[in-house]
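A closer look at the structure
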Amino acid sequence: MVTEKKNYDTVTIRLKADYHRLSDQLEALKASAPQEDRREGSPFGKREEEATETADLENRLALEKRVLDQMAEVEYALSKINKGTFGKCENCEQAIDPARLEILPYAKLCVTCKTKLNRTG
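Residues numbered from 1 in each chain as written. Predicted model: local features only at pLDDT ≥ 70, side-chain atom pairs only at ≥ 80, totals over all residues. Heavy atoms only, no water.

1. What about the pattern of salt bridges?
Applicable threshold: A side-chain nitrogen of Lys or Arg and a carboxyl oxygen of Asp or Glu constitute a salt bridge if their distance falls within 4 Å. Numbering of helices and strands runs from the N terminus, with a helix taken as a DSSP run of H or I at least four residues long and a strand as a DSSP run of E at least two residues long. Burial classes follow relative accessibility: with a 1.4 Å probe on protein chains only, a residue under 20% of its type's maximum area counts as buried, one over 50% as exposed, and anything between as partly exposed.
Following the criterion strictly, the structure yields five salt bridges and no others. Here Arg 21 ties to Asp 18 by a salt bridge, and the two come within 3.9 Å at their closest N and O atoms. Taken together, the residues Arg 21 and Asp 18, both in helix H1 (residues 2-31) and three residues apart, mark about one turn of the helix. Taking the relative accessible area as the measure of exposure, Asp 18 reaches 15% and is therefore buried. In this structure, Lys 108 engages Glu 73 in a salt bridge whose closest nitrogen and oxygen atoms are separated by 3.7 Å. Taken as a pair, Lys 108 in the loop between helix H3 (98-103) and helix H4 (111-120) and Glu 73 in helix H2 (residues 46-83) lie far apart in primary sequence, 35 residues in all.

Printed below as a string of structure tokens:
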């Protein structure tokens, strides 16, 4: 049992580091948001400029959402560690393979359940 606690300490440290990295990434994305200074001089006029700005905004918002989703996954994994349910499949309640948790510490399902889920939909 001491070994398991040590693994969870390692996982906790890794998850917290991931959370801080993601938080920094989110701040960088927000800081990179363009200000309201428009560039003039496009041969196609203002419409091309607006289309480019819209595409850039959509891409940045999609990246921000992905980072926020990952942060939520990390927070959830940390809460499972605190509750004592970390490492259990949320579907079959069997232990998730430690190798899977090493790769994806916020995995919610074991490989068998995840495979079944992917097949069905």
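2. Things to note about the UniProt feature "domain: Zinc finger DksA/TraR C4-type" (unreviewed entry) in the chain
Defined as follows: UniProt positions are given in the numbering used here, feature names are shortened, and annotations may be inferred rather than shown by experiment.
UniProt feature "domain: Zinc finger DksA/TraR C4-type" (unreviewed entry): in the numbering of this structure it lies at residues 84-117. Helix makes up 38% of residues 84-117 and strand 0%. Its end C-alpha atoms lie 25 Å apart.

3. Topic: the environment of Cys 89
Rules: Residue contacts are defined here by distance: any two heavy atoms, one from each residue, within 4.5 Å place the two residues in contact.
With respect to the helices and strands, the residue Cys 89 is situated in the loop between H2 and H3. Spatially, the C-alpha atoms of Cys 89 and Val 111 are 9.1 Å apart, while their sequence positions differ by 22 residues. Those residues in contact with Cys 89 that sit more than four places away from it in its chain are Gln 94, Ile 96, Lys 108, Leu 109, Cys 110 and Cys 113.

4. Some points on the confidence of the model for the chain
The condition that has to hold: Per residue, pLDDT captures the predictor's confidence, and it can take any value from 0 to 100.
On average, residues of the chain score 85 in pLDDT, and 82% of them reach the 70 mark or higher. Averaged pLDDT values for the elements of the chain fall to 84 in H1 and rise to 93 in H4. This model gives residues 1-5 a pLDDT under 50, and the stretch forms zero contacts once residues within four places in sequence are excluded.

5. So, the nonpolar core
Burial of nonpolar side chains together is a common tendency in soluble globular proteins. Where we set the bar: Residue types Ala, Val, Leu, Ile, Met, Phe, Trp, Tyr and Cys, when buried and joined through side-chain atoms within 4.5 Å, form a set referred to as a nonpolar core. Note: domain ranges come from an automatic or database domain assignment.
Counting 19 residues, the largest nonpolar core has Leu 15, Val 67, Phe 86 and Cys 89 as the members making the most contacts within it. When contributions to this core are tallied by element, the ones reaching two or more residues are H1 and H2. Looking at which element gives the most residues to this core, the answer is H2, with six residues. Looking at which domains feed residues into this core, each of domain 1 (1-33 + 49-86) and domain 2 (87-120) supplies at least three. Not counting residues within four places of it along the chain, the set of residues in contact with Leu 15 comprises Val 74, Ala 77, Leu 78, Ile 81, Pro 105 and Tyr 106.

6. Remarks on the environment of Arg 100
In this fold, Arg 100 is placed in helix H3. Note: C-alpha distance between Arg 100 and Gly 87 (13 residues apart in sequence) is 9.6 Å.

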